Amino acid sequence: MLKLAILFYCISLIAQFFAAAIAISLIRKTNVYRMAWIFLSLALFLMMGRRVSPILFALENGEYNLTDALLSLPISIFLLFGILGVRKILIFAEEANKNLTEINKIDYLTKALSRIELYSRSKLEIERALRYKENLAFLMIDIDHFKRVNDEYGHAVGDKVLNTLVTMLKKCLRVNDFIGRIGGEEFLVVLPQTNTEEAIEVAERLREYVSSQVCCKVRNKHVVITISIGVSVMNSNTHCADARKLLDLHFKNADMAMYQAKNAGRNRVHLI
């Protein structure tokens, strides 16, 4: 019976050791509940001490409590399974939160930045441009006669056109440039460290490339689109230090310039 009691205590000790190891690993993986896992890890190590003591006492004196040894076994195993379950829940929750964050940052259809993320990153770029006295350009892009595409081919083709447009635009942009979807068929491209002449050159390159490509093929017909682009540039000598105010100003100016490009005949670039 002595050996049986020692066996029960040893199995309990092993189960609690693995439970403590899992708790320690979760300290590094979870930010929100870090202190809780630290305290739980300490508690588990103290409980392990309570399993070591009776083992040593039994080996030295031959005295043991079989009931205590028997009860320690299921308690330790249930504790291990419980921590494994909590670990699974926390990892699932962290993954879900991560996915939700990514969903909030990326437009689900076009894979461009979402409007919220676009505003946030644009504000950061304005602050950086102000700090280092750099130029920053904004290109507001709208698909010409996009309603005709939806009316003639259906919304599924319209979605394909939107998705393909973003892919085409990204091919022509630098690594540090970014594009976000404002809404509908309207997009904004932000070009760090870009002056007026360079911004117009980029806009013309985008316009020409899009008009020369086939977005998709429907019923043996090639769907080709054109875009109108409005340009607004924040110069390096800007004196205003209010990033939010500058953001609203240049978004508004780029949007106004884009509508002027449309009113002038579409498929063109306009600077404001």
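Definitions and limits used
- Residues numbered from 1 in each chain as written.
- Predicted model: local features only at pLDDT ≥ 70, side-chain atom pairs only at ≥ 80, totals over all residues.
- Heavy atoms only, no water.
- Pairing = 2+ DSSP bridges.
- Helix = DSSP H or I, 4+ residues; strand = E, 2+ residues; numbered from the N terminus.
- Axes fitted to C-alpha atoms, helices over the stretch in contact; angles between N-to-C directions.
- Contact = heavy atoms within 4.5 Å.
- Phe/Tyr/Trp six-rings, centres within 6.5 Å; stacked < 30°, edge-to-face > 60°.
- Buried < 20%, exposed > 50% of the residue type's maximum accessible area, 1.4 Å probe, protein only.
- Polar contact = N/O pair within 3.5 Å; in protein donor to acceptor, adjacent residues only side chain to side chain.
- Core = buried A, V, L, I, M, F, W, Y, C linked by side-chain atoms within 4.5 Å.

Q: How do you make sense of the sheet that holds strand S1 (residues 136–143) when you look at a structure like this?
A: Within a sheet, neighbouring strands are paired by backbone hydrogen bonds and run either parallel or antiparallel to one another. Spatial strand order, S2-S3-S1-S6-S7: five strands in an open sheet with mixed pairing. Since the sheet does not close on itself, it has two edges, and those belong to strand S2 (178–183) and strand S7 (269–271), each with one partner. Neighbour-to-neighbour, the strand axes of this sheet turn through a mean angle of 25°, independent of strand direction. Relative to S7, strand S6 (residues 227–234) runs parallel, the two being bridged by three bridges. Directly across from Val231, in S7, lies its bridge partner Leu271. This element, helix H7 (residues 196–211), spans S1, strand S3 (186–192), S6 and S7 of the sheet and lies at about 165° to S6.

Q: Quick question: what am I supposed to make of the packing of aromatic side chains here?
A: Two aromatic rings are characterised by how far apart their centres lie and by the angle between their planes. Taken as a whole and assessed by the stated rule, the structure comprises two aromatic pairs. For the pair Tyr119 and Phe251, a centre-to-centre distance of 4.7 Å together with 75° between the ring planes defines the contact as edge-to-face. Of this pair, Tyr119 sits in helix H4 (residues 115–132) while Phe251 sits in helix H8 (residues 243–263); the two residues are 132 residues apart in sequence, bridging distant segments of the chain. A relative accessible area of 22% means that Tyr119 is categorised as partly exposed. Overall, the relative accessible area of 7% leaves Phe251 in the buried class. Between the aromatic rings of Phe138 and Phe251, the centroid separation amounts to 5.9 Å while the plane-to-plane angle is 70°, which identifies the pairing as edge-to-face. Taken as a pair, Phe138 in strand S1 and Phe251 in helix H8 lie far apart in primary sequence, 113 residues in all.

Q: Hey, could you run me through the pairing of S3 in this one?
A: Residues in a regular strand point their side chains to alternate faces of the sheet. The buried count for S3 comes to seven of seven residues, which makes it a mostly enclosed element. Of the two faces of S3, the one holding Glu186, Leu188, Val190 and Pro192 and the one holding Phe187, Val189 and Leu191 are both buried throughout. The pairing of S1 with S3 spans seven bridges and is antiparallel. Following the sheet pairing, Leu136 is matched in S3 by Pro192. Relative to S3, S2 is paired through five bridges, and the arrangement is antiparallel. When the sheet's bridge partners are listed, Gly183 is paired in S3 with Glu186. Adjacent in sequence and paired antiparallel, S2 and S3 are bridged by two residues, among which Gly184 carries a positive phi angle near 60°.

Q: How should I be thinking about the side chain of Thr110 in this particular structure?
A: Secondary-structure assignment places Thr110 in the loop between helix H3 (66–105) and H4. Within the structure, Thr110 has its side chain in polar contact with the side chain of Asp107 (distance 2.7 Å).

Q: Looking at this model, I keep getting lost on the nonpolar core. Mind explaining?
A: Generally speaking, a soluble globular protein has its nonpolar side chains buried in company with each other. Grouped together as the largest cluster of nonpolar side chains are 37 residues, with contacts concentrated most on Leu139, Val161, Leu165, Leu206 and Ile229. When residues of this core are traced back to their parent elements, those giving at least two are S1, helix H5 (146–153), helix H6 (155–171), S3, H7, strand S4 (216–218) and S6. Top contributing element to this core by residue count: H6, with seven residues. Apart from residues no more than four positions distant in its own chain, Leu139 is found in contact with Phe187, Leu188, Val189, Leu191, Ala199, Val202, Ala203, Leu206, Ile229, Gly230 and Val231. In terms of nonpolar packing, the next biggest core, distinct from the first, is built from 19 residues, Leu188, Ala243, Leu246 and Ala254 among them.

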